[in-house]
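# Examining the three-dimensional arrangement
The lines below spell out each chain.
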Amino acid sequence: MHVLLRRVNHIPYLILGMLPFLFITAVTFLEFPPVWPDEAIFADSALHISTRGTLATDLFSDIIPGMQNRALWYPPLYFYVLSWWTRLTAFDIIPMRLLSILCACLSLIVMYAFSLRITRQKWVSVLAMMLLGVDYSFVRAGQVARMDILTFLWIITAIYTGYAARMQGSLRLMLISGIASALAVVTHPMGCIAPATLVIYLFITKQSYRQLLREYSVLLLPVLLASIGWALWIGSSVADFITQYQLQFARKAASAFFGVTLAQYFWPWRLLFLLYAAIIVYACTLRKRFSLLVLLIIGTVVS
């Protein structure tokens, strides 16, 4: 009962920390950004799963080879989640975007738990939620029917549980971290941030190589199994997979780094970036409560 009451006591802080994000979302829903082509493509892909049982889309015609039969240009998990979600709710842009909002809210909760474990201060954890909840990229990802915010949820969950596993010496938590890392990898290629960060973190903070080997085994086994499953899912369509990914990279190669674009053309975001930098510099001075490694993890999550 005492543990339950302690958990209930966090609810007002969680609600308060979510308010900025929920307010921005309520004001800008379906307008920031407007419905864009990716959402139509992903919706059509999810619809194909629901109606034909195959991840594919007809919207590109013959422009991208193989897309009418197998859409391999992204890992498959998000499309199957979206297909399940639209069957559960409705096939419409509103429930599709609500799925992203739900993932964003869950990400904020994990951020609160992560910050609370590091700082032991509820108000500092609320501030971390608020800073994340007003971040431009987070707000946009949290409102768009894309896999970005679901990937972020897996990444921050993996890094939080991996950090907690190292602090507690818990292989069970490390397994949860490995599962979250695996889910991140099969949701978006950027999901590799999770296992890569944890591998580096565990190595730098190792106490013995025997312990490190156990932790690596538990962490990376789910990632390996998920990667093998993804490879088996691709099957004999390797040529289409390579072509579709090459076209993906070619399309995005000329795009400027999004943070640079914001800093160049929108001065309020320069101030926000300076605030981030000031927080990191200040935190680096708190040697007893923060380590550079922990800051590295948080910085990776925010990025």
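Calculation criteria
Residues numbered from 1 in each chain as written. Predicted model: local features only at pLDDT ≥ 70, side-chain atom pairs only at ≥ 80, totals over all residues. Heavy atoms only, no water. Helix = DSSP H or I, 4+ residues; strand = E, 2+ residues; numbered from the N terminus. Contact = heavy atoms within 4.5 Å. Areas by Shrake-Rupley, 256 points an atom, 1.4 Å probe, with all protein chains shown as cover. Expected span 1.5 Å × (residues − 1). Buried < 20%, exposed > 50% of the residue type's maximum accessible area, 1.4 Å probe, protein only. Salt bridge = Lys/Arg side-chain N within 4 Å of Asp/Glu carboxyl O. Core = buried A, V, L, I, M, F, W, Y, C linked by side-chain atoms within 4.5 Å. Axes fitted to C-alpha atoms, helices over the stretch in contact; angles between N-to-C directions. Parallel < 35°, antiparallel > 145°, perpendicular 65-115°, else oblique. Left-handed = near helix turned anticlockwise from the far one by under 90°. Nonpolar A, V, L, I, M, F, W, Y, C, P; charged D, E, K, R; others polar. Patch = residues over 30% accessible without salt bridge, like charges linked within 9 Å, V, L, I, M, F, W, Y side chains within 5 Å. Polar contact = N/O pair within 3.5 Å; in protein donor to acceptor, adjacent residues only side chain to side chain. pLDDT = per-residue confidence, 0-100.

### Digging into the overall build of the protein chain
Scanning the protein chain from N- to C-terminus turns up 15 helices and zero strands. Sequence separation of 24 or more characterises 71% of the internal contacts of the protein chain that already satisfy a separation of 6 or more. For the protein chain, the exposed area adds up to about 15,900 Å²; of that, 71% sits on carbon and sulfur atoms.

### What to know about helix 6 (residues 122-133)
With twelve residues, helix 6 should cover 16 Å at 1.5 Å per step; its first-to-last C-alpha distance of 16 Å lies within 8% of that length. For helix 6, the set of buried residues is Ser 125, Val 126, Ala 128, Met 129, Leu 131, Leu 132 and Gly 133.

### Some thoughts on the pattern of salt bridges
In the structure shown here, the tally under the stated rule is five salt bridges. The closest approach of N and O atoms between Asp 148 and Arg 146, which form a salt bridge, is 3.0 Å. Bridged by salt links that share partners, the residues Asp 38, Arg 146 and Asp 148 form one connected network.

### Details of the nonpolar core
Formed by 65 residues in total, the largest nonpolar core has its most connected members in Phe 21, Phe 42, Trp 73, Tyr 78 and Phe 138. Ignoring anything within four residues of it in the chain, the contact list for Tyr 78 reads Phe 42, Leu 99, Ala 145, Arg 146, Met 147, Leu 150 and Thr 187. Counting residues in hydrophobic clusters, the runner-up holds eight residues, among them Val 185, Ala 226, Trp 230 and Ile 234.

### Brief notes about the packing of helix 5 (residues 93-119) against helix 6
Taken N-terminus to C-terminus, the directions of helix 5 and helix 6 make an angle of 140°; their axes are 8 Å apart at the nearest point. Classified by the angle their axes make, helix 5 and helix 6 are oblique. For helix 5 against helix 6, the interelement crossing comes out right-handed. Judged by residue contacts, Leu 108, Ile 109, Met 111, Tyr 112, Ser 115, Leu 116 and Thr 119 of helix 5 engage Lys 122, Val 124, Ser 125, Val 126, Ala 128, Met 129, Leu 132 and Gly 133 from helix 6. Per-class residue counts for the contact of helix 5 with helix 6 are ten nonpolar, four polar and one charged.

### A closer look at a nonpolar patch on the surface
A contiguous nonpolar surface patch, about 510 Å² in accessible area, is contributed by Leu 221, Leu 224, Leu 225, Ile 228 and Leu 232. Along the chain, Leu 225 falls in helix 11 (residues 209-234).

### Thoughts on the side chain of His 188
Mapped onto the elements, His 188 comes out in the loop between helix 9 (171-185) and helix 10 (193-204). Judged by relative accessible area, His 188 falls into the buried class, the value being 13%. A distance of 3.0 Å separates a polar side-chain atom of His 188 from the backbone nitrogen of Met 190. Leave out the neighbours within four places in its chain, and His 188 touches Tyr 74, Pro 75, Arg 146, Met 147 and Thr 151.

### What to know about the packing of helix 9 against helix 11
It is at 8 Å that the axes of helix 9 and helix 11 come closest, and there the two elements cross at 25°. Judged by the inter-axis angle, helix 9 sits roughly parallel to helix 11. Along this stretch, helix 9 crosses helix 11, giving a crossing that reads as right-handed. Between helix 9 and helix 11, the residues in contact are Leu 171, Met 174, Leu 175, Ser 177, Gly 178, Ile 179, Ser 181, Ala 182 and Val 185 and Arg 214, Glu 215, Val 218, Leu 219, Pro 222, Val 223, Ala 226, Ser 227 and Trp 230, respectively. Across the contact of helix 9 with helix 11, the residue classes break down as twelve nonpolar, four polar and two charged.

### A word on the environment of Leu 19
Inspection of the secondary structure assignment puts Leu 19 in helix 2 (residues 11-28). Residues Leu 19 and Val 134, spaced 115 residues apart in sequence, show a C-alpha to C-alpha distance of 9.9 Å.

### Observations regarding unusual backbone geometry
Notably, Leu 30 is not glycine yet its phi reads approximately 65°, a positive angle. Tracing the backbone through its elements, the reader meets Leu 30 in the loop between helix 2 and helix 3 (37-52). For Leu 30, a relative accessible area of 30% corresponds to the partly exposed category. The residue Arg 120 is not glycine, and still its phi comes out positive at about 65°.

### Thoughts on the confidence of the model for the protein chain
Confidence in the prediction of the protein chain, expressed as mean pLDDT, is 85, and 83% of residues score 70 or more. Across the protein chain, helix 9 holds the top mean pLDDT of 97, while helix 1 (residues 2-8) sits lowest at 50. Contacts from residues 1-5, a stretch scored under 50 in pLDDT, to residues over four places away or in other chains number zero contacts.

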